[in-house]
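For reference, the chains in residue letters:
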Amino acid sequence: MSKSDKIIVVGAGLSGPLIAAMMRKRGYEVSLYESRPDMRKVEMAAGRSINLALSDRGLIPLDEIGVKEEVMATTVPMYGRMIHDNEGNTRLSRYSGREGEAINSVSRAGLNIQLINKAESLGVNVFYNEKCVGVDHKKGIVNFKSYTTGIESDVHADLIIGADGFGSAVRESMYDNHRETRFSFSQDYLSHGYKELHIPPGDDGSFRIDKNALHIWPRGGHMVIALPNEDGSFTVTLFHSFDGDEGFDNLNDDKSIMAFFKKYYSDILQHMPDVLTDFNENPTGNLATVKCYPWQSNGRSILIGDSAHAVVPFYGQGMNCSFEDCSVFTKIHDEHPGNWKWILETYQQTRKKDADAIGDLAVENYVEMRDSVAHPDFKEKRELEMKLEATYPDYKSKYSMVTFSPEIPYSMAMNLGRAQDEFLLNFCSKIDDVSGVDIASLKESLDVLKKQFV
Ligand SMILES: Cc1cc2nc3c(=O)[nH]c(=O)nc-3n(C[C@H](O)[C@H](O)[C@H](O)COP(=O)(O)OP(=O)(O)OC[C@H]3O[C@@H](n4cnc5c(N)ncnc54)[C@H](O)[C@@H]3O)c2cc1C
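If you're wondering where the values come from, they're calculated on a predicted model, not measured in any experiment.

Engineer: So what exactly am I meant to see when it comes to the domain arrangement of the protein here?
Structural biologist: A common measure of how large an interface is: the accessible area buried when the components associate. By the assigned domains, the protein splits into domain 1 (6–74 + 106–188 + 289–365), domain 2 (192–285) and domain 3 (375–451). Taking the mean C-alpha position of each, domain 1 and domain 3 sit 34 Å from one another. Taken together, the contact between domain 1 and domain 3 spans 17 residues of the former and 14 residues of the latter. Interface area for domain 1 against domain 3, summed over the two sides, is near 1300 Å², with a carbon-plus-sulfur share of 56%. Viewed at the interface, domain 3 and domain 1 are joined by two salt bridges. A salt bridge links Lys398 to Glu364, with the shortest nitrogen-to-oxygen separation between them at 4.0 Å.

Engineer: Got a minute to help me understand the layout of surface pockets in this structure?
Structural biologist: Empty space left among the atoms is revealed by rolling a probe the size of a water molecule over them. Taken as a whole, the second largest pocket encloses approximately 390 Å³ of empty space. What lines the second largest pocket is a set of 18 residues, among which Glu324, Val328, Lys331, Arg351 and Pro406 lie closest to the centre. Of all the secondary-structure elements, those providing two or more residues to the lining of the second largest pocket are helix H2 (56–64), helix H11 (318–335), helix H12 (340–370) and helix H15 (410–429). Among the elements that line the lining of the second largest pocket, the one with the most residues is H11, at six residues. In terms of residue class, the lining of the second largest pocket is made up of seven nonpolar, three polar and eight charged. Of the residues that make up the lining of the second largest pocket, three or more belong to each of domain 1 (6–74 + 106–188 + 289–365) and domain 3 (375–451).

Engineer: Would you take a moment to explain the pattern of salt bridges for this structure?
Structural biologist: Opposite charge on two side chains makes pairing possible when the charged atoms of those side chains draw close. The final tally for this structure, using the stated rule, is 24 salt bridges. We note a salt bridge from Glu180 to Lys138, for which the minimum N-O separation is 3.1 Å. Residue Glu180 is found in helix H6 (residues 178–181), and its partner Lys138 is found in the loop between strand S9 (130–136) and strand S10 (141–146); the two are separated by 42 residues along the sequence. Put simply, Asp447 and Lys443 hold a salt bridge, and the shortest N to O gap is 3.0 Å. Remark: Lys443 and Asp447 occur in helix H16 (residues 439–451); sequence separation between them is four residues, near one turn of the helix.

Engineer: Before we go on, may I ask you to explain the sheet that holds S9 in this structure?
Structural biologist: Taken in spatial order, the three strands make up an open sheet running S9-S10-S11, and their pairing is antiparallel. Every other strand in the sheet has two partners, leaving S9 and strand S11 (152–156) as the edge strands with one partner each. Averaged over all pairs of adjacent strands, the angle between their axes in this sheet comes to 30°, without regard to strand direction. Alignment of S10 against S11, held across five bridges, turns out to be antiparallel. Residue pairing across strands places Ile141 opposite His156, the latter belonging to S11.

Engineer: Is there a simple way to explain empty space enclosed by the protein in this structure?
Structural biologist: Tallied over the full model, the rule gives one cavity of 30 Å³ or more. By volume, the largest cavity is sized at about 90 Å³. Lining of the largest cavity is provided by Arg81, Tyr315, Asn365, Glu368, Phe378, Lys381, Arg382, Glu385, Ser397, Lys398, Tyr399 and Asp421. Mapped onto the lining of the largest cavity, the elements with two or more residues apiece are H12, helix H13 (376–391) and helix H14 (398–404). Among the elements that make up the lining of the largest cavity, the one with the highest residue count is H13 (four residues). For the lining of the largest cavity, the residue count by class is three nonpolar, two polar and seven charged.

Engineer: Looking at this structure, I do not really get the pairing of strand S17 (residues 234–241). What am I missing?
Structural biologist: For a regular strand, side-chain orientation follows a simple rule: the groups alternate between the two sheet faces. With respect to burial, S17 is a largely interior element, eight of its eight residues being buried. Residues of S17 alternate between two faces, with Phe234, Val236, Leu238 and His240 on one and Thr235, Thr237, Phe239 and Ser241 on the opposite face, all of them buried. Note that strand S14 (residues 192–199) and S17 share eight bridges and pair antiparallel. Counted as the bridge partner of Gly193 is His240 from S17. Inspection of the sheet shows strand S16 (residues 223–228) paired to S17 by six bridges, in the antiparallel sense. Bridging across to S17, Met223 finds its partner in Phe239. Hairpin connection from S16 to S17: five residues lie between these consecutive antiparallel strands, with Gly232 at a positive phi of about 100°.

Engineer: What's the story with the site of the ligand in this structure? I'm lost.
Structural biologist: By nearness alone, 31 residues border the ligand, and Ser15, Glu34, Ala53, Arg108 and Asp306 come closest of all. Here an oxygen atom of the ligand sits 2.6 Å away from a polar atom, N or O, in the side chain of Glu34. Its free accessible area being 1000 Å², the ligand has 90% of it covered by the protein chains. When contributions to the shell around the ligand are tallied by element, the ones reaching two or more residues are strand S3 (51–54), S9 and H11. Among the elements that make up the shell around the ligand, the one with the highest residue count is H11 (four residues). Looking at the shell around the ligand residue by residue, the class counts come to eleven nonpolar, twelve polar and eight charged.

What counts and what doesn't
- Residues numbered from 1 in each chain as written.
- Predicted model: local features only at pLDDT ≥ 70, side-chain atom pairs only at ≥ 80, totals over all residues.
- Heavy atoms only, no water.
- Domains from an automatic or database assignment.
- Contact = heavy atoms within 4.5 Å.
- Buried area = accessible area lost by both parts, 1.4 Å probe.
- Salt bridge = Lys/Arg side-chain N within 4 Å of Asp/Glu carboxyl O.
- 1 Å grid on protein atoms, 1.4 Å probe; cavity = no way out; pocket = protein on both sides within 12 Å on 5 of 7 lines; lining within 4 Å.
- Points joined across faces, edges and corners; volume = space filled by probe spheres on them.
- Helix = DSSP H or I, 4+ residues; strand = E, 2+ residues; numbered from the N terminus.
- Nonpolar A, V, L, I, M, F, W, Y, C, P; charged D, E, K, R; others polar.
- Pairing = 2+ DSSP bridges.
- Axes fitted to C-alpha atoms, helices over the stretch in contact; angles between N-to-C directions.
- Buried < 20%, exposed > 50% of the residue type's maximum accessible area, 1.4 Å probe, protein only.
- Near = heavy atom within 4 Å.
- Polar contact = N/O pair within 3.5 Å; in protein donor to acceptor, adjacent residues only side chain to side chain.
- Areas by Shrake-Rupley, 256 points an atom, 1.4 Å probe, with all protein chains shown as cover.

As structure tokens, then:
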């Protein structure tokens with residue numbers, strides 16, 4: 001191991017500055033390269049998830065680099081899903097039966113800036129307007145093209161970390177060599193995309209709808225969600241099919257857009273005076289799951305975050321998973337600091353199954369959010385889960401395992417959570433009312449089930 005080893009991190013989005021800061025804290029010389037301009041100096045374009053749900057897995061590495069308190073001070077806690085039905089009625093479905101468990105709505109740009117500031121303060125060199133256009137994984141050379149000068153330059157590193165997101169150039173350069181490395185890659189687009197809209201604050205700066213919830217308007221084939229921002233506004237996202245008579249592709253004039261919202265979301269319209277402007281000006285985003293393997297090349301380069309495993313946003317875990325990548329990577333690093341070949345191999349073997357699991361869970365959760373939450377058996381299941389969690393703190397629903405239990409790997413949360421879901425849904429299909437259920441005996445049955453997984 002040599003602390004003079006040079007590390008290049010490509011991408012200063014959410015996970016790039018975090019892993020850069022964590023490796024800098026371990027004594028390495030770290031440089032962070034970003035293709036966009038410095039976001040602290042330019043206005044950001046709208047339309048790519050203005051806020052995000054930050055939860056327990058993501059908070060651990062933020063704590064390690066000393067920004068957790070600062071970040072949490074800017075968040076709005078959300079204790080459950082506020083479900084808005086077709087008739088305009090609302091119902092809060094809590095995320096957990098345990099007191100105080102919440103997910104946190106945080107500004108993407110604000111969080112990104114806090115992470116970059118922290119990385120810089122620890123001594124990470126940050127370069128903007130530098131686009132990675134190629135990587136020689138054998139020699140450890142990254143080729144950057146400057147958007148400022150147009151000049152290309154080669155930079156050498158002992159370790160290259162590709163944190164350049166969904167469209168990763170580092171991953172692409174691994175693919176270029178796929179016959180030699182047997183690099184496998186898949187990119188599965190959903191037939192649904194998303195559009196960002198917003199609810200402004202009330203006249204007095206107040207929140208127009210309940211502040212401490214993630215709001216959902218489930219409508220079967222599509223849904224709207226809204227996450228609160230500190231300033232009293234909400235970032236609203238419509239998830240909807242591209243195809244069909246009322247699909248995104250056919251909502252192409254003011255009349256059809258307004259008719260769609262009046263038909264399915266009339267109760268939100270009163271809160272969205274700018275719906276047409278937002279709809280027409282904001283891009284319609286694609287949603288896809290990316291899987292690939294191996295994540296490392298030549299013991300020299302490694303993919304983390306979305307570059308290795310982009311997931312659809314329906315579990316609110318893409319960023320949290322990417323942050324957890326950084327915790328897992330540094331923990332493995334600390335066992336044999338600087339032994340890159342071993343670290344990269346161990347990291348990818350440890351982490352792949354968990355990234356796959358959250359990718360699959362996220363796709364499944366879309367159906368749950370837009371459809372199942374309104375189903376009677378699902379409502380009963382959630383009620384029982386809340387009772388179980390409130391009575392037995394060691395009981396954890398699938399949602400709690402994924403969101404509030406970093407000690408449980410995603411793959412375990414998926415396998416045990418699916419079995420619990422199947423058991424409880426089957427149980428609920430046979431009862432009319434959850435109030436008379438013997439919770440103690442239900443818990444005993446669930447404990448027997450759990451033994452198969454631990
Ligand atoms: C609509 C939506 C909602 C979401 N909601 C949530 C949520 O609630 N909770 C959650 O946990 N996750 C959420 N996510 C997922 C989350 O946004 C991603 O998982 C997270 O941003 C991944 O971080 P990253 O650092 O890997 O990639 P990014 O944050 O995308 O950063 C990649 C960076 O690399 C830069 N870059 C790209 N190419 C190059 C290049 N060639 N050279 C140099 N730099 C380059 C980019 O400019 C960017 O700054 C959501 C995603 C979407 C689309």
